[in-house]
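Understanding the architecture of this molecule
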Amino acid sequence: METKINNNKIIKDDRNKKVEAHGGGFIKKDDYFYWFGENRLGIKKVTCYRSRDLKNWEYRNDVLTLTSPTEKHYIDTDLDLNPFDDADKKFDCGATIERPKVLYNEKTRKYVMWMHYENGRDYSCARAAVAVSDTVDGDYTYLGSFRPQNYMSRDCTLFKDEDGTAYFISAARNNADLHIYKLTDDYLNIEDTVNKIWINKYREAPALIKRGQYYILVTSGCTGWTPNQGKYGYTADLEGDWSELFDLGDETTYDTQPTYIIEIEGANTGYLYVGDRWDGEEYHNSEYKFLPLEVSVDKENVSVKLMWTEKVNIDFEAGKIY
Ligand code: DGJ
């Protein structure tokens, strides 16, 4: 199967509605890619779509809403998804959930979502939040928001290693540093803070992949909704030393901010960069861009290149993106 995605076309779902899944995360299950993201149309929610070819998207569910069931878990959390009554219409209703990412836990057979939580009015909470479901696109149960080991936590991502160990990575100390947290076996809590990287470098929008022996982390700078120079860095040990940062794409990362890197596994593994092209004035006009990410790794060197292309081709059998 081959797909051609036109980056200049608005992505619509099977209902002919614009896909609302900003700051998205993806997970593959059976033949489908599931896309989770921020939906701020009306009452804020996390919406899930699925696609076999990454081009035709089927709306599945608003998986996390203000009325989602909640459960008091062992972690010390705030369970409120609507901290203010919507008296002041200046603000969209409900907490702001950003950058939701989902992993499947083989041991508990549950899907676990981690995300960034703010109160809906400002960015002072700086908390992580967790939700869980028995099915990938079912109604998630909200387990609450909290600061991981009391650190501030904003832009974030999840990563599952080959042995099933999972990590939550988020911007800490007012975005100055990135923290890597190892998750507990059930993925529902932080086991420990295992690394603090790129101290004082103010990196946001993390997206992590593993190629060969290297973990490669793509990030943006910290300039609100305005695009900036993307960068990447790498390590052979998530808990050890990391490389310095190297430029990715042009000085605005082709007017995008990273949100996820989809692995296309065929004869080879191809990497599809997914970025948000934010509209800072009118959030709802923000777009998505799918771009080829060329990753080459040998014993000593890691090199990552992001290319702009209006039309991206995905050859699923070959695992090739061009
Ligand atoms: C940049 C972050 O990456 C986005 O997710 C969002 O939090 C904006 N900042 C808000 O300004």
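Check the entry above for the structure.
Fair warning: this is a prediction, and the values are worked out from it, not measured in the lab. Each chain carries its own residue numbering, running from 1 in the written order of its sequence. In keeping with the model being predicted, local features are shown solely for residues with a pLDDT of at least 70 and side-chain atom pairs are shown and tallied solely at 80 or more, while totals for entire chains, interfaces and linings include all residues. Note that the side-chain values use all heavy atoms of the structure and ignore hydrogens as well as water.

Some thoughts on the pattern of salt bridges
When a carboxyl oxygen of Asp or Glu lies within 4 Å of a side-chain nitrogen of Lys or Arg, that pair is called a salt bridge. Counted under the stated rule, the structure contains 19 salt bridges. Across the pair Arg40 and Glu38 runs a salt bridge, and its minimum N-O distance is 3.4 Å. Take Arg40 and Glu38: they sit in the same class, and that class is buried. Ionic pairing is found between Asp177 and Arg173, a salt bridge with its closest N-O pair at 2.7 Å. Several salt bridges share partner residues, and in doing so they unite Arg50, Glu58, Arg60 and Asp137 into one network. Burial here depends on accessible area, computed with a 1.4 Å probe over protein chains only, as a share of the maximum for the residue type. Under 20% is buried, over 50% is exposed, and the range in between is partly exposed.

A look at the site of the ligand
Put simply, a residue is near a molecule or strand once any heavy atom of it comes within 4 Å of that molecule or strand. What surrounds the ligand is the set Glu98, Arg99, Tyr123, Asp155, Glu204, Gly224, Trp225 and Gln257. Each polar contact in these results corresponds to two N or O atoms within 3.5 Å; when the atoms are within protein, one needs to be able to donate a hydrogen and the other to accept it, and residues that are neighboring in sequence are counted only if both atoms are side-chain atoms. For the ligand, an oxygen atom lies 2.6 Å from a polar atom in the side chain of Glu98. Asp, Glu, Lys and Arg are counted as charged, while Ala, Val, Leu, Ile, Met, Phe, Trp, Tyr, Cys and Pro are counted as nonpolar; the rest, among them Gly, fall into the polar class. Within the shell around the ligand, the residues separate by chemical class into two nonpolar, two polar and four charged.

A few points about the nonpolar core
With 22 residues, the main nonpolar core has Phe36, Leu64, Met113, Met115, Tyr140 and Tyr142 as its most contacted residues. Of all the secondary structure elements, the ones that give two or more residues to this core are strand 3 (32-39), strand 4 (45-51), strand 5 (58-64), strand 6 (96-105), strand 7 (110-118) and strand 8 (127-133). Note on contacts: a residue pair is in contact if any heavy atoms of the two residues lie within 4.5 Å. When residues no more than four places from it in sequence are discounted, the contact partners of Tyr142 are Leu64, Pro69, Thr70, Glu71, Asp78, Leu79, Leu81, Met115, Tyr117, Ala129, Val130 and Ala131. Only buried residues count toward a nonpolar core. Its members are Ala, Val, Leu, Ile, Met, Phe, Trp, Tyr and Cys residues joined through side-chain atoms within 4.5 Å. Trp35, Ile262, Val274 and Ile314 belong to the second-largest nonpolar core, a separate cluster that totals 20 residues. Counting from the N terminus, the helices are DSSP H or I runs at least four residues long and the strands are E runs at least two residues long.

A look at the sheet that holds strand 14 (residues 204-211)
Ordered in space as 14-15-16-17, the four strands form an open sheet in which the pairing is antiparallel. In this open sheet, the two edge strands, each paired with only one partner strand, are strand 14 and strand 17 (246-248). Shown here is a sheet whose adjacent strand axes are inclined to one another by a mean of 30°, direction ignored. Pairing between two strands requires that DSSP report at least two bridges joining them. Convention adopted: a line fitted to C-alpha atoms gives each axis, helices being fitted over their contacting stretch, and angles between N-to-C directions are expressed from 0 to 180 degrees.

Section: a positive patch on the surface
A cluster of basic residues, Lys4, Lys9, Lys55 and Lys311, forms a positive patch at the surface. Positionally, Lys55 belongs in the loop between strand 4 and strand 5. Taking the relative accessible area as the measure of exposure, Lys55 reaches 42% and is therefore partly exposed. Patches in this entry comprise residues that are over 30% relatively accessible and not in a salt bridge; like charges within 9 Å are linked, as are nonpolar side chains (Val, Leu, Ile, Met, Phe, Trp, Tyr) within 5 Å. With residues, only the protein chains shown are counted as cover, and all accessible areas are computed by Shrake-Rupley using a 1.4 Å probe. Think of it this way: Lys and Arg go in the positive column, Asp and Glu in the negative one, and His and the chain ends go nowhere. Note on charges: their place is set at NZ of Lys, CZ of Arg, CG of Asp or CD of Glu.

Brief notes about the packing of aromatic side chains
Each pair of aromatic rings taken from Phe, Tyr and Trp, with Trp reduced to its six-membered ring, is defined by centres within 6.5 Å and is described as stacked if the planes are under 30 degrees apart, edge-to-face if over 60, and tilted in the remaining cases. Under the counting rule described, the total for this entry stands at 24 aromatic pairs. Here the aromatic rings of Phe26 and Phe290 are separated by 6.4 Å at their centres, their planes lie at 75°, and the arrangement is edge-to-face. One end of the pair, Phe26, is in strand 2 (residues 22-29); the other, Phe290, is in strand 20 (residues 287-297), and 264 residues separate them in sequence. Between the aromatic rings of Trp114 and Phe146, the centroid separation amounts to 5.9 Å while the plane-to-plane angle is 75°, which identifies the pairing as edge-to-face. Linking Trp114 in strand 7 with Phe146 in strand 9 (residues 141-146), this pair joins segments that are 32 residues apart in sequence. Grouping residues by exposure puts Trp114 and Phe146 together as buried. Here the basic side chain of Arg40 rests over the ring of Tyr283, its NZ or CZ set 4.1 Å away from the ring centre. Charge over a ring is defined by NZ of Lys or CZ of Arg lying within 6 Å of the ring centre and within 35 degrees of the ring normal. Above the face of the Tyr322 ring, Lys320 is positioned so that its terminal group lies 4.9 Å from the ring centre.

Side note on unusual backbone geometry
One non-glycine residue, Leu54, lies in positive phi territory at about 65°. Within the secondary structure, Leu54 sits in the loop between strand 4 and strand 5. Accessibility expressed as a relative area gives 2% for Leu54, which makes it buried. Notably, Asn174 is not glycine yet its phi reads approximately 55°, a positive angle. By secondary structure assignment, the location of Asn174 is in the loop between strand 11 (166-172) and strand 12 (177-183). Looking at Asn174, the relative accessible area reads 44%, which means it is partly exposed.

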